[in-house]
Amino acid sequence: MMKRTQGLLFALTMAVAGATIAGGVAMAQDPAAVIAARQAELKKAGDATKALGGYAKGGDLTADEVKAHAATIAAVAQAIPGWWPAGTAKGVGKSDALPAIWDKPDEFKARIAAFQTESAKLVEAAAGGDRAAITAQFGKTAGTCKACHEGFRD
């Protein structure tokens, strides 16, 4: 349910920004608006990652907060494909997206798939409630974030 809600919120954001969603792919009408909407969604995952990073280092979160942050990360991961239409690379608006996204699409897709897989496992670990398991899976999930930033984001 959360994935569907976040996906709908992204679609609404894109529509307001002057873009359309066709088959889950953002079709740029205003590249700067598409970039802003993409960054807003990715910031949600970044904020959840920061919170879980604190938890992994011994910080306090309730079980419900851990589950919610894991779900946010997974929902963003599932919604990511299609957020990088042509014309939204570095140099357009406030984009940090490197040309490698379009030059190496198979590698980019593989990194997104890894993020999706590991974030789904994070949701499972969070549901189990074992702090050590959550922390271990958080590390794997965060590693997929880092892998995508390296080479695909400035």
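The sections below set out a description of the structure shown in this document. (Residues numbered from 1 in each chain as written. Predicted model: local features only at pLDDT ≥ 70, side-chain atom pairs only at ≥ 80, totals over all residues. Heavy atoms only, no water.)

### Side note on the pattern of salt bridges
- Tallying each qualifying case throughout the model produces 7 salt bridges.
- E150 is paired through a salt bridge with K146; the nearest N and O atoms lie 4.0 Å apart. Here the residue E150 and the residue K146 both occupy positions in helix α6 (residues 131-152), the gap between them amounting to 4 residues, near one helical turn.
- Relative accessible area serves as the criterion here: at 47%, E150 is assigned to the partly exposed category. (Salt bridge = Lys/Arg side-chain N within 4 Å of Asp/Glu carboxyl O. Helix = DSSP H or I, 4+ residues; strand = E, 2+ residues; numbered from the N terminus. Buried < 20%, exposed > 50% of the residue type's maximum accessible area, 1.4 Å probe, protein only.)

### A short note on the packing of aromatic side chains
- One pass over the full model with this rule turns up 3 aromatic pairs.
- With centroids separated by 6.4 Å and ring planes inclined at 35 degrees, the aromatic side chains of W83 and W84 adopt a geometry described as tilted. Note on accessibility: W83 and W84 belong to one class, buried.
- Taking the centre distance of 5.1 Å and the plane angle of 50 degrees together, the rings of F108 and F152 count as tilted. With a gap of 44 residues between them, F108 in helix α5 (residues 105-128) and F152 in helix α6 connect regions that are remote in the sequence.
- Taking the relative accessible area as the measure of exposure, F152 reaches 4% and is therefore buried.
- Linked through ring pairs, W83, W84, F108 and F152 together constitute an aromatic cluster.
- Residue placement shows R131 over the ring face of Y55; its charged tip is 4.0 Å from the ring centre. (Phe/Tyr/Trp six-rings, centres within 6.5 Å; stacked < 30°, edge-to-face > 60°. Lys NZ or Arg CZ within 6 Å of the ring centre and 35° of its normal.)

### Let's talk about the environment of A113
- Mapping A113 onto the fold places it in helix α5.
- Taking the C-alpha atoms as reference, A113 lies 9.3 Å from T144; in sequence the two are 31 residues apart.

### Let's talk about the environment of T117
- By the secondary structure assignment, T117 is in helix α5.
- Residue T117 is classed as partly exposed on the basis of its relative accessible area, which comes to 41%.
- C-alpha separation for the pair T117 and T144, spaced 27 residues apart in sequence, amounts to 9.5 Å.

### Here we look at the nonpolar core
- Core analysis: the largest hydrophobic core is formed by 25 residues, its most contacted members being L52, I80, W84, F108 and L122.
- Breaking this core down by element, the ones donating at least two residues are α2 (31-56), α3 (63-79), α4 (100-103), α5 and α6.
- A per-element tally of this core places α5 first, with 6 residues.
- Setting aside anything within four residues of it in sequence, one finds F108 in contact with W84, I101, C148 and F152. (Core = buried A, V, L, I, M, F, W, Y, C linked by side-chain atoms within 4.5 Å. Contact = heavy atoms within 4.5 Å.)

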